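Residue strings, one per chain:
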Amino acid sequence: MSRTTSDIDRSRPAAGTTAKAPAPRRRWRLRLGGHQPIGILFVSPYLIYLAAIFVYPLGFAVWMSFHDYFFAAPGVQVDRPFVGWDNYTTVLTDPDVWRSFANIAVFLVINVPLTAVASLVLADALNKKLPFRSFFRTAYYIPYITASVAVVGVWMFLFNSDGLVNQALGPLAPDPSWLINSHLAMPVVAVFVAWKQLGFFVVLYLSALQNVPQELYESAALDGAGRLRVFRSITVPAVRPATLLVLILATVTGANLFTEPYLLTSGGGPDGATTSPVLLMYQRGLQQGHPDEAAAIGVILVVLITAVSLVYRRLVERD
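Within each chain, residues carry numbers counting from 1 in the order of the written sequence. It should be noted that, the model being predicted, local features are given only for residues of pLDDT at least 70 and side-chain atom pairs only at 80 or more, the latter also being counted only at that level, while totals for whole chains, interfaces and linings use all residues. Each side-chain value is worked out from all heavy atoms of the structure, with water and hydrogens disregarded.

**Overview of the overall build of the chain**
Now for step 1: Helix and strand definitions here come from DSSP, where helices need a minimum of 4 consecutive H or I residues and strands a minimum of 2 consecutive E residues; each element is numbered from the N-terminal end. In terms of helices and strands, the chain carries 15 helices and 0 strands.
Now for step 2: Three labels apply to residues, based on accessible area from a 1.4 Å probe with only protein chains included: buried if under 20% of the type maximum, exposed if over 50%, partly exposed otherwise in between. Within the chain, the fraction of its 319 residues that count as buried is 34%.
Now for step 3: What makes two residues a contact is simply this: any of their non-hydrogen atoms within 4.5 Å. The long-range fraction of contacts in the chain, counting pairs at least 24 apart against all pairs at least 6 apart in sequence, stands at 65%.
Now for step 4: The Shrake-Rupley method, run with a 1.4 Å probe, gives the accessible areas here. Residue values count only the displayed protein chains as cover. Accessible surface, the chain as shown: approximately 20,100 Å² in total, 65% of it carbon and sulfur.

Written out as structure tokens, the structure reads:
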């Protein structure tokens, strides 16, 4: 038998009243597992991968940073006592550590804006109907998938003291040359990394531009808006989520800078001008035998990059 109208009315909440909030236990269950907890089962392989590759090493690094840790022969049991904040005090009073963080700050100030602006401009150009558009899309992506050793060799050939760049500049070439100049070495590394990774970020922006409604551009054209106005008023706001992703990825990858200064400047030269925190961790942990200090540097780096990423998110969401 069907329900009467009065029964239906009685089952509905009265006007001016709110629906009953879920119980605290059910609310926490929804927050942890969602409306379909079986989804946790499907994503569990990736969660296990994250725990094994990221969570466990990070936790072990934090543990190392609070202990007098050193490498020992396999199977040898040694005492690694708890030393509290001693490793952090050691690295925070070391001028080489401060200089490495200053170097990476210079790198990020140059690399991140250059990467974001150049990749968005190129993606916007490649999103239009151009001759040989597929060729240009592929060409910009090739450096990203090419081995770093190969492209580093090309840049060393270009920026050596007798390289093509100095030959083209003639008397305007810097002395000392680019990669052995303490003021120019890190900017050259920053530009190199931006050029090498440009293709990846162009692909991110291209995928975001595919979701921008074409009606917006058509309306702007009817209103007589110029290309610069369309780019600033439509393209940039429409890809803001992609911009946040680009900023965070460029910052995280830049903060983990290692291969480029190691190869381009022979391990952080000249005179430590391109030494990054990760390169210093390698030197302290493996070459000098102080993995506990290297772990402390790594933990500080993780905290700083997390803070910068949160600032990016706040600024992008506020705009």
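**Comments concerning helix α11 (residues 227-238)**
Now for step 1: By this rule, a helix spans an expected 1.5 Å times one less than how many residues it contains. For α11, which comprises 12 residues, the first-to-last C-alpha distance of 15 Å matches the rise-based estimate of 16 Å (1.5 Å per residue) to within 8%.
Now for step 2: Of all the positions in α11, only Val230, Ile234 and Thr235 are classed as buried. Angular distribution of buried residues about the axis of α11 spans 85 degrees; they occupy a single face of the element.
Now for step 3: Check the buried side of α11 and you find it contacts α5 (95-126), α9 (185-209) and α10 (214-222). In this context, the arc is that of the directions from the helix axis out to the C-beta atoms.

**Comments concerning the side chain of Asn111**
Now for step 1: For Asn111, the location among the structural elements is in helix α5.
Now for step 2: For Asn111, a relative accessible area of 2% gives the class buried.
Now for step 3: In this view, Asn111 contacts Ala190, Val193, Ala194 and Ala250; residues no more than four positions away in its chain are not counted.

**Looking at the side chain of Glu293**
Now for step 1: When you line up the elements, Glu293 lands in helix α15 (residues 291-318).
Now for step 2: Take Glu293: its relative accessible area is 14%, and that puts it in the buried class.
Now for step 3: When residues no more than four places from it in sequence are discounted, the contact partners of Glu293 are Asn87, Thr90, Val91 and Arg284.

**Some remarks on the packing of α9 against helix α12 (residues 240-255)**
Now for step 1: Axis angles are defined between N-to-C directions and span 0 to 180 degrees, where every axis is a line fitted to C-alpha atoms and, for a helix, only to the segment in contact. Where α9 contacts α12, the axes come no closer than 10 Å and their chain directions differ by 160 degrees. In this view, α9 runs roughly antiparallel relative to α12, as classed from their interaxial angle. Seen from above, α9 lies across α12 with right-handed handedness. Residues Gln197, Phe200, Phe201, Leu204, Tyr205 and Ala208 of α9 lie in contact with α12, whose contacting residues are Ala242, Thr243, Leu245, Val246, Leu249, Ala250 and Thr253.
Now for step 2: Here the residues of the contact of α9 with α12 are counted per class, giving 10 nonpolar, 3 polar and no charged. With respect to orientation, any angle under 35 degrees is reported as roughly parallel, any angle over 145 as roughly antiparallel, any angle of 65 to 115 as roughly perpendicular, and every other angle as oblique. Crossing handedness is defined as follows: a turn of the near helix away from the far one that is anticlockwise and smaller than a right angle gives a left-handed crossing, while the clockwise case is right-handed. In this classification, Asp, Glu, Lys and Arg are treated as charged, Ala, Val, Leu, Ile, Met, Phe, Trp, Tyr, Cys and Pro as nonpolar, and every other residue, Gly included, as polar.

**Thoughts on the packing of aromatic side chains**
Now for step 1: Side-chain rings of Phe, Tyr and Trp (the six-membered ring for Trp) are treated as a pair once their centres are within 6.5 Å; stacked means planes under 30 degrees apart, edge-to-face means over 60, and tilted covers the remaining angles. Applying the stated criterion to the full structure yields 22 aromatic pairs.
Now for step 2: Pairing Phe66 with Tyr88 gives two aromatic rings, centres 5.3 Å apart and planes at 50 degrees, and the pair type is tilted. Residue Phe66 is found in the loop between α3 (38-65) and α4 (86-92), and its partner Tyr88 is found in helix α4; the two are separated by 22 residues along the sequence.
Now for step 3: Residue classification places Phe66 among the buried positions, given a relative accessible area of 18%.
Now for step 4: Using a relative accessible area of 8% as the deciding quantity, one classes Tyr88 as buried.
Now for step 5: Among the aromatic residues, those joined into a ring-pair cluster are Tyr56, Phe60, Trp63, Tyr69 and Phe71.
Now for step 6: Each ring is checked for a lysine NZ or an arginine CZ that lies within 6 Å of its centre and within 35 degrees of its normal; such an atom marks a charge sitting over the ring. Note that Arg80 overlies the ring of Tyr69, its terminal NZ or CZ placed 4.3 Å from the centroid.
Now for step 7: Positioned above the aromatic ring of Phe70, the side-chain terminus of Arg80 is 5.6 Å from the ring centre.

**Focus: a nonpolar patch on the surface**
Now for step 1: Patches here: salt-bridge-free residues with over 30% relative accessible area, like charges joined within 9 Å, nonpolar side chains (Val, Leu, Ile, Met, Phe, Trp, Tyr) joined within 5 Å. A side-chain nitrogen of Lys or Arg and a carboxyl oxygen of Asp or Glu constitute a salt bridge if their distance falls within 4 Å. A cluster of nonpolar side chains, contributed by Ile38, Ile40, Leu41, Phe42, Val43 and Leu47, occupies part of the molecular surface with about 610 Å² of accessible area.
Now for step 2: Relative to the helices and strands, Ile38 is located in helix α3.
Now for step 3: Residue Ile38 is classed as exposed on the basis of its relative accessible area, which comes to 52%.

**Topic: unusual backbone geometry**
Now for step 1: Geometrically, the link from Asp175 to Pro176 is a cis peptide bond, its omega value of 0 degrees lying close to zero.
Now for step 2: With respect to the secondary-structure elements, Pro176 resides in the loop between α8 (164-169) and α9.
Now for step 3: The residue after Gly269, namely Pro270, is reached through a cis peptide bond having omega 0 degrees.
Now for step 4: Of note, the phi angle at Ser266 is positive, near 60 degrees, even though the residue is not glycine.
Now for step 5: Within the fold, Ser266 resides in the loop between α13 (259-264) and α14 (277-287).
Now for step 6: With a relative accessible area of 69%, Ser266 lands in the exposed category.
Now for step 7: One non-glycine residue, Asp271, lies in positive phi territory at about 55 degrees.
Now for step 8: Examined against the element boundaries, Asp271 turns out to sit in the loop between α13 and α14.
Now for step 9: You can call Asp271 exposed: its relative accessible area is 67%.

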